[in-house]
Amino acid sequence: MQKNHVWGAGTAVCLSLLSLTVLAAPRAGDPEQGKAAAALCATCHQADGSGLNNPAGESWPRLAGLEADYLASQLHAYKTGARRNPSMEAFAQMLDDEQILHVSAWFASLPATDGQSAEDQGHSAVLLKRGEQLATEGDWENYVVACSSCHGPDNLGAGTVFPAIAGQHFGYIRDQLLAWQKGTRENDPQRLMATIAERMSSNDINAVAAWLSTQPVAVEQ
Ligand code: HEC
Ligand code: HEC
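Here goes a summary of the coordinates provided. (Residues numbered from 1 in each chain as written. Chains lettered and ligands numbered in written order. Predicted model: local features only at pLDDT ≥ 70, side-chain atom pairs only at ≥ 80, totals over all residues. Heavy atoms only, no water.)

For the rest of this paragraph, the subject is the overall build of the protein chain. Of the regular secondary structure elements, the protein chain holds 12 helices and zero strands. Tracing the protein chain from N to C terminus, the helices and strands come up as α-α-α-α-α-α-α-α-α-α-α-α. Looking at the protein chain as a whole, 38% of its 221 residues qualify as buried. The contacts in the protein chain between residues at least 6 apart in sequence include a share of 67% that link residues at least 24 apart. Total accessible area on the protein chain is roughly 12500 Å²; 60% of this is exposed by carbon and sulfur atoms. (Helix = DSSP H or I, 4+ residues; strand = E, 2+ residues; numbered from the N terminus. Buried < 20%, exposed > 50% of the residue type's maximum accessible area, 1.4 Å probe, protein only. Contact = heavy atoms within 4.5 Å. Areas by Shrake-Rupley, 256 points an atom, 1.4 Å probe, with all protein chains shown as cover.)

This is the structure in structure tokens:
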């Protein structure tokens with residue numbers, strides 16, 4: 001009897017330690033399990049996750065190679081309405097927490113795809129120069145911090161909080177900066193992005209989006 005009691009207490013301690021470990025370690029998604037759900041997304045984000053720059057309408061972001069935790073946090077934001085977009089809302093609602101974990105791991109596992117060249121997009125040299133300045137040095141007179149100070153050297157992303165924006169599509173980057181200005185994207189930590197976007201003119205938004213979209217998605221070897 002006595003022995004049984006001790007064993008029971010020991011098990012209880014073990015079980016509670018186990019659940020603590022489960023809570024502490026964020027679960028990693030399984031790309032293979034996410035592949036099936038990703039088929040729903042291909043119409044817009046494409047099967048290789050490259051998305052599309054659409055000069056005439058809404059652009060679809062590249063998801064390939066972005067951090068899994070970042071992608072998952074955005075899908076949750078669409079579900080709660082902290083980030084609002086009619087094209088995405090319905091798709092985010094279809095996914096439960098488990099599917100969000102796996103589909104994010106799937107897109108994160110795909111190799112990052114390039115944006116578009118400056119020639120193909122027809123951006124002027126003056127616009128691109130201004131964009132480069134904003135992205136790499138910032139504009140101190142207008143309190144705009146260089147994008148690379150948070151988004152990492154070459155704007156290739158830093159950790160799970162600061163997404164890669166180099167090589168992302170022009171139309172998508174522009175629309176996000178406008179969304180922060182309008183307040184339809186409110187899920188950024190500490191309003192870090194909203195504060196910056198609010199200080200940018202529409203010419204500066206176009207400039208930085210244009211330059212970033214032409215940048216390589218990986219460090220050149
Ligand atoms: C009808 C087109 C369409 C479909 C289908 C679609 N998306 Fe999207 N997705 C978009 C658009 C447009 C945006 C950008 C919306 C915005 O401005 O917030 C977006 C944004 C996202 C983002 C945010 C990316 C970022 O860098 O912040 C994620 C993550 C995402 N989609 C995942 C998915 C997943 C997963 C599916 C499939 C289950 C899916 N999408 C299906 C159009 C679509
Ligand atoms: C103070 C830090 C900081 C600076 C400086 C900064 N960003 Fe961000 N940016 C963030 C954070 C944090 C996020 C992720 C927001 C979220 O989780 O929704 C983000 C997200 C973005 C996104 C959305 C990417 C996606 O895939 O959806 C774009 C576009 C962006 N930033 C553009 C810029 C540009 C352009 C600049 C420079 C003019 C810039 N950022 C400067 C912190 C910063």
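So that's the structure; there's more coming.
Moving on to a nonpolar patch on the surface. A surface patch of nonpolar side chains, amounting to about 270 Å² of accessible area, comprises Leu40, Phe91 and Met94. Assignment of secondary structure puts methionine 94 in helix H5 (residues 86-94). (Patch = residues over 30% accessible without salt bridge, like charges linked within 9 Å, V, L, I, M, F, W, Y side chains within 5 Å. Salt bridge = Lys/Arg side-chain N within 4 Å of Asp/Glu carboxyl O.)

Moving on to the site of ligand 2. What surrounds ligand 2 is a group of 24 residues, the closest being Cys147, Cys150, His151, Tyr172 and Met193. Histidine 151 is positioned such that a nitrogen or oxygen atom in its side chain is 2.8 Å from a nitrogen atom of ligand 2. In the environment of ligand 2, an oxygen atom lies 3.4 Å from a nitrogen or oxygen atom belonging to the side chain of asparagine 187. Secondary-structure elements contributing two or more residues to the shell around ligand 2 are helix H4 (68-80), helix H9 (148-151), helix H10 (170-182), helix H11 (192-198) and helix H12 (202-213). Of the residues contributing to the shell around ligand 2, the split by class is 18 nonpolar, four polar and two charged. (Near = heavy atom within 4 Å. Polar contact = N/O pair within 3.5 Å; in protein donor to acceptor, adjacent residues only side chain to side chain. Nonpolar A, V, L, I, M, F, W, Y, C, P; charged D, E, K, R; others polar.)

Within the secondary structure, aspartate 188 is located in the loop between H10 and H11. Within polar-contact distance, the side chain of aspartate 188 engages the side chain of tryptophan 180 at 3.3 Å. Here the side chain of aspartate 188 touches methionine 193 through a polar contact of 2.9 Å, landing on its backbone nitrogen.

Moving on, we come to helix H2 (residues 31-38). Of all the residues in H2, the buried ones are Gly34, Ala37 and Ala38. Take H2 and look down its axis: the buried residues cluster within an arc of 100 degrees, on one side only. Turned more than 90 degrees away from the buried face of H2 sit Glu32 and Ala36, all of them exposed. Buried residues in H2 make contact with helix H3 (42-45) and helix H6 (97-109). Where H2 begins, one side-chain oxygen reaches toward the backbone nitrogen of glutamate 32, 3.1 Å away; that side chain belongs to aspartate 30. (Arc of directions from axis to C-beta.)

The full count for this structure, using the stated rule, is five salt bridges. Residue glutamate 198 is joined to arginine 191 by a salt bridge in which the shortest nitrogen-to-oxygen separation is 2.8 Å. When salt bridges with common partners are traced through the structure, they connect Arg130, Asp139 and Asp204 into a single cluster.

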